[in-house]
Amino acid sequence: MTALDIRPARPSDADAVEEYHNSCFSSTYAPQLSAGEFRAPDRDGTRQQLLGWFQPCSEFRTWVAVAGNDRPIGHFTVYRHHLVHLFVEPAHQGTGLGRTLLEQAEATLVAGGHRDLELHTRVENVSAIAFYKKAGWIMTDQLITTVEHGISYREHIMTKTVGTQA
């Protein structure tokens, strides 16, 4: 992995993050998109959501990984005990950046006093599921339906308990 910094997200990062978020979706679900099984998320809705999360007053806390040009190439978002988002620009996948961001996200949640962590991942995203399992996350038998950005989808609930309970 090349040298990078991880810093709090700024509202000015929303466009760049939305761009690679869209690229991740398009590459992960290319077969389903071309078969008409999936619709792509509303890009403006995604951008607006990210912009809200990146505001200093937001309850969502997002950090971005930036390379030398200060352009985001990955990020994670946490809220309460949830890992809400973790995305890495496709060109930087497989470099260890995802693992680094996941470790930072977990450390952030633990620093916030949480030991029982939770995330949701799309049922069809087998590579993400494998990634989280390898990092010690456990897939529960619970499924939820999420509706956002003009689309509805099913997600697995995954959990991880870290440290010891106080």
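For the structure, check the block above.
If you're wondering where the values come from, they're calculated on a predicted model, not measured in any experiment.

Analysis parameters
- Residue numbers here run from 1 along each chain, matching the order of that chain's written sequence.
- Given that this is a predicted model, residues contribute local features only at a pLDDT of at least 70 and side-chain atom pairs are listed and counted only at 80 or more, while totals for whole chains, interfaces and linings are drawn from all residues.
- Heavy atoms throughout the structure, all of them, feed into the side-chain values; hydrogens and water do not.
- Summary of the burial criterion: residues with accessible area below 20% of their type's maximum are buried, those above 50% are exposed, and those between are partly exposed, where the area comes from a 1.4 Å probe applied to protein chains only.
- Secondary structure counts use DSSP, requiring at least four H or I residues in a row for a helix and at least two E residues in a row for a strand, with both numbered from the N terminus.
- In this description, strands pair whenever DSSP reports at least two bridges between them.
- By definition here, a helix of n residues has an expected span of 1.5 Å times n minus one.
- By nonpolar core is meant a set of buried Ala, Val, Leu, Ile, Met, Phe, Trp, Tyr and Cys residues that side-chain atoms within 4.5 Å join together.
- Should any heavy atoms of two residues lie within 4.5 Å, those residues are counted as being in contact.

**Student:** How do you make sense of the pairing of strand S2 (residues 61-66) when you look at a structure like this?
**Tutor:** Both faces of the sheet carry side chains from a regular strand, because those side chains alternate between them. Of all 6 residues in S2, 5 are buried, a share of seventy percent or more. As judged from the 4 bridges shared by strand S1 (residues 5-8) and S2, these two strands associate in the antiparallel manner. When the bridges of S2 are listed, aspartate 5 appears paired with valine 66. Between S2 and strand S3 (residues 72-79), which follow one another and run antiparallel, lie 5 residues, and aspartate 70 among them has a positive phi close to 65 degrees.

**Student:** It is not clear to me how helix H1 (residues 14-28) should be interpreted in this structure. Could you clarify?
**Tutor:** Structurally, the α-helix is built with 3.6 residues per turn, so residues lying three or four positions apart point the same way. The end-to-end C-alpha distance of H1, which contains 15 residues, comes to 21 Å, matching closely the 21 Å that a straight helix rising 1.5 Å per residue would cover. Along H1, the residues that are buried comprise Ala14, Ala16, Val17, Glu18, Tyr20, His21, Asn22, Cys24 and Phe25.

**Student:** Looking at this structure, how should I read the nonpolar core?
**Tutor:** Nonpolar side chains in soluble globular proteins tend to be buried together. Ranked by size, the top nonpolar core spans 20 residues in total, and within it Phe76, Val78, Leu83, Leu86, Leu101, Tyr132 and Trp137 carry the most contacts. Those elements that place two or more of their residues in this core are S2, S3, strand S4 (82-88), helix H4 (97-111), strand S5 (116-122) and helix H5 (126-134). With 5 residues, the single largest contributor to this core is H4. With near-sequence residues (within four places) excluded, tryptophan 137 lies in contact with Leu102, Glu106, Leu117, Glu118, Leu119, Tyr132, Met158, Thr159 and Lys160. By size, the runner-up hydrophobic cluster in this structure holds 9 residues, among which are Ala14, Phe54, Val64 and Val66.

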